[in-house]
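Examining the three-dimensional arrangement
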Amino acid sequence: MQGLSVDFSRLDNFVSKEELKLMDYKIKEAHKMLNEKTGAGRNMLGWLDLPTNRDDDEINRIKQCALKIQKQCDVFVVIGIGGSYLGAKAMIDLFTNNFSNMLSLSQRKFPQIIFAGNNMSGKYLRNLVEYLEDKDVAINVISKSGKTLEPAITFRILKILLEQKYGITGAAERIYVTTDSQKGLLHDIAKKNEYEMFVIPDDVGGRYSVLTPVGLLPMAVANINIEDILDGAQFASHLFNEECIDYNDCYKYAAYRNILYNKGKEIEILASYDPCFRYFIEWFKQLFGESEGKNAKGIFPSGALFSTDLHSMGQLIQEGKRNIFETVINVNLDRSFIELPKTDENLDELNYLAGKSIEYINKQAFYGTLEAHVQGGVPNIVINLDDLNEYIIGELIFFFEKACAMSGYMLGVNPFDQPGVEAYKKNMMNLLISDND
């Protein structure tokens, strides 16, 4: 079932067929590097096989563990930063009520899920500790090494909180660790304390890890169908492995990105007209920013939620510097079932919209904005989703992961390392250590 399609028709005035055809050799070269594992970062391609070579025993263990967590706590805290939380947060926002953490347990049917360890704000952590004091709590700490400072600090504080609440043995029953299989500080802590542990595969980087236990365990706690997500990604892994660009929208998207970049379009805005995509956009920004931004190259990945951001950034997008292009996620099926009612007095002069669904009105904002931006010199790509369900979002995840890898190789960088990330960490640690001397 293909629930995802890409509309490139609004690029015709910006990219010629001849320019696209000239990318064919780069596509074939990148395709070969991925499939034969001959390119840079070849030891980090495990994400390619995750949907197909899934471990059914591990999936069942994740589901059983999720049921245990649902029974034992009011609040489930997921501790991680970057790829260790963005994918799970994105999926939970897409498939749960916008106000799920405010609903009662009977309405929600799973614990409140809070994400922490993604900043070093003392105020945030103090507020979190105060909130958790009278709650039953379980935590999932996610880190390959255990050395990343933001989650490590949060884990230490929440571990102490749980041990004070439940004792060392009781706390151990409520701490779940997702980390390296063999080594690292967090691995050693988990082994010593006999915490239930899930493995981040050695050949999968953090920003590609959403389809591992990193993303799957928090999703399962939120009653998201993780098998449907994997099935959708598996279908996409076959669909988007066709070498010919004419039959592969994923490769075509990567090619268009590179052509637009070479024409000075250095900023990509991923946009959606539904706020539930907010953290999916954040996941996209990390995926492409960390993968492509090196060697003084890279498209700057940005994001917008329309129509909200049309009232803040709309002027710049419409008439600012012409160094941007947009990719818009559009969900075709309307599941809101809410219409604007008619009133007798019509004091707000909205009766001309009476009887129309809010989603229909939102769609007209989408179409109107799309044409205005294209006319204003902003190339637009539209990714159409037939529906918003786990299977199709599984397709979308793999679409972007594969496109990112292809685009990185076409750009001439290693899409699977992140050497620049260590620069700020090194400086920060030097300052902290010298301050302690």
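Structural data are supplied above this passage.
Here we summarise the structure given alongside this text. (Residues numbered from 1 in each chain as written. Predicted model: local features only at pLDDT ≥ 70, side-chain atom pairs only at ≥ 80, totals over all residues. Heavy atoms only, no water.)

1. Some remarks on the environment of Tyr25
Our working definition: What counts as a helix is a DSSP run of H or I of at least four residues, what counts as a strand is a run of E of at least two, and both are numbered from the N terminus.
Tracing the chain through its elements places Tyr25 in helix 2 (residues 24–36). Here the alpha-carbon distance between Tyr25 and Ile245, two residues 220 residues apart in the chain, equals 10.0 Å.

2. Observations regarding a nonpolar patch on the surface
Note the following rule: Grouping into patches uses exposed residues only, defined as over 30% relative accessible area, and leaves out salt-bridged ones; the cut-off is 9 Å for like charges and 5 Å for nonpolar side chains (Val, Leu, Ile, Met, Phe, Trp, Tyr). Per-residue accessibility takes into account occlusion by the displayed protein chains alone, with areas from the Shrake-Rupley method and a 1.4 Å probe. Whenever Lys or Arg places a side-chain nitrogen within 4 Å of a carboxyl oxygen from Asp or Glu, that contact is recorded as a salt bridge.
A cluster of nonpolar residues, Met120, Ile153 and Ile157, forms a patch on the protein surface that exposes about 240 Å² of accessible area. Structurally, Met120 is set in the loop between strand 3 (112–116) and helix 6 (122–132).

3. Examining the pairing of strand 3
Here is the rule we go by: Buried residues are those whose accessible area, probed at 1.4 Å on protein chains only, stays under 20% of the maximum for their type, while exposed residues exceed 50% and partly exposed ones sit between those limits. At least two bridges found by DSSP between two strands are what make those strands a pair.
Extensive coverage of strand 3 is indicated by the burial of five of its five residues. A two-sided burial pattern is seen for strand 3, the buried positions comprising Gln112, Ile114 and Ala116 on one face and Ile113 and Phe115 on the other. Summarising the sheet, strand 2 (residues 75–79) and strand 3 pair through five bridges and their orientation is parallel. Across the sheet, the residue bridging to Val75 is Gln112, located in strand 3.

4. Examining the sheet that holds strand 9 (residues 324–331)
Applicable threshold: Working convention: axes come from line fits to C-alpha atoms, limited for helices to the stretch in contact. Angles between N-to-C directions cover 0 to 180 degrees. Any two residues whose heavy atoms approach within 4.5 Å at even a single point are treated as in contact.
Pairing is mixed across the open sheet formed by five strands, whose spatial order is 1-10-9-7-8. The sheet is open, and its two borders are formed by strand 1 (4–7) and strand 8 (300–305), each paired with just one other strand. The average undirected angle you get between the axes of adjacent strands in this sheet is 20 degrees. As paired elements, strand 1 and strand 10 (residues 380–385) share four bridges and run antiparallel to each other. Its bridge partner lying in strand 10, Ser5 is registered against Asn384. Here helix 12 (residues 278–292) sits on the sheet in contact with strand 7 (267–272), strand 8 and strand 9, set at roughly 175 degrees to strand 8.

5. Examining the packing of helix 11 (residues 249–262) against helix 15 (residues 390–411)
The condition that has to hold: When an angle is under 35 degrees it counts as roughly parallel; over 145 it counts as roughly antiparallel; between 65 and 115 it counts as roughly perpendicular; any other value is oblique. Note on convention: near helix rotated counterclockwise from far helix by under a right angle means a left-handed crossing. Clockwise means right-handed. Side-chain classes are defined by residue name, with Ala, Val, Leu, Ile, Met, Phe, Trp, Tyr, Cys and Pro counting as nonpolar, Asp, Glu, Lys and Arg as charged, and the others, Gly among them, as polar.
The interhelical angle for the contact between helix 11 and helix 15, taken along N-to-C directions, is 45 degrees, at an axis separation of 9 Å. The angle between helix 11 and helix 15 falls in the class oblique. Seen from above, helix 11 lies across helix 15 with right-handed handedness. Contacts between helix 11 and helix 15 involve Asp249, Cys250, Tyr251, Tyr253, Ala254, Ala255, Arg257, Asn258 and Tyr261 on the former and, on the latter, Phe399, Phe400, Lys402, Ala403, Met406, Ser407, Met410 and Leu411. Here the residues of the contact of helix 11 with helix 15 are counted per class, giving twelve nonpolar, two polar and three charged.

6. Looking at unusual backbone geometry
Residue Ser307 is reached from Phe306 by a cis peptide bond, and omega for that bond is 5 degrees. Along the chain, the position of Ser307 falls in the loop between strand 8 and helix 13 (314–319). Phi is positive for Ala296, which is not a glycine, with a value near 60 degrees. Turning to its location among the elements, Ala296 is positioned in the loop between helix 12 and strand 8. Residue classification places Ala296 among the exposed residues on the basis of a relative accessible area of 83%.

7. Description of helix 3 (residues 56–72)
The test is simple: Every helix has an expected span of 1.5 Å times one less than the residues it contains.
Over its 17 residues, helix 3 runs 25 Å from end to end, which matches the ideal 24 Å to within 8%, given 1.5 Å per residue. Residues of helix 3 that are buried include every one of Glu58, Ile59, Ile62, Cys65, Ala66, Ile69, Gln70 and Gln72, and no others. Of the surrounding elements, those touching the buried residues of helix 3 are strand 2, strand 4 (137–142), strand 5 (175–179), strand 6 (196–199), helix 9 (213–221) and helix 10 (226–239).

Read these as geometric descriptors, not functional statements.
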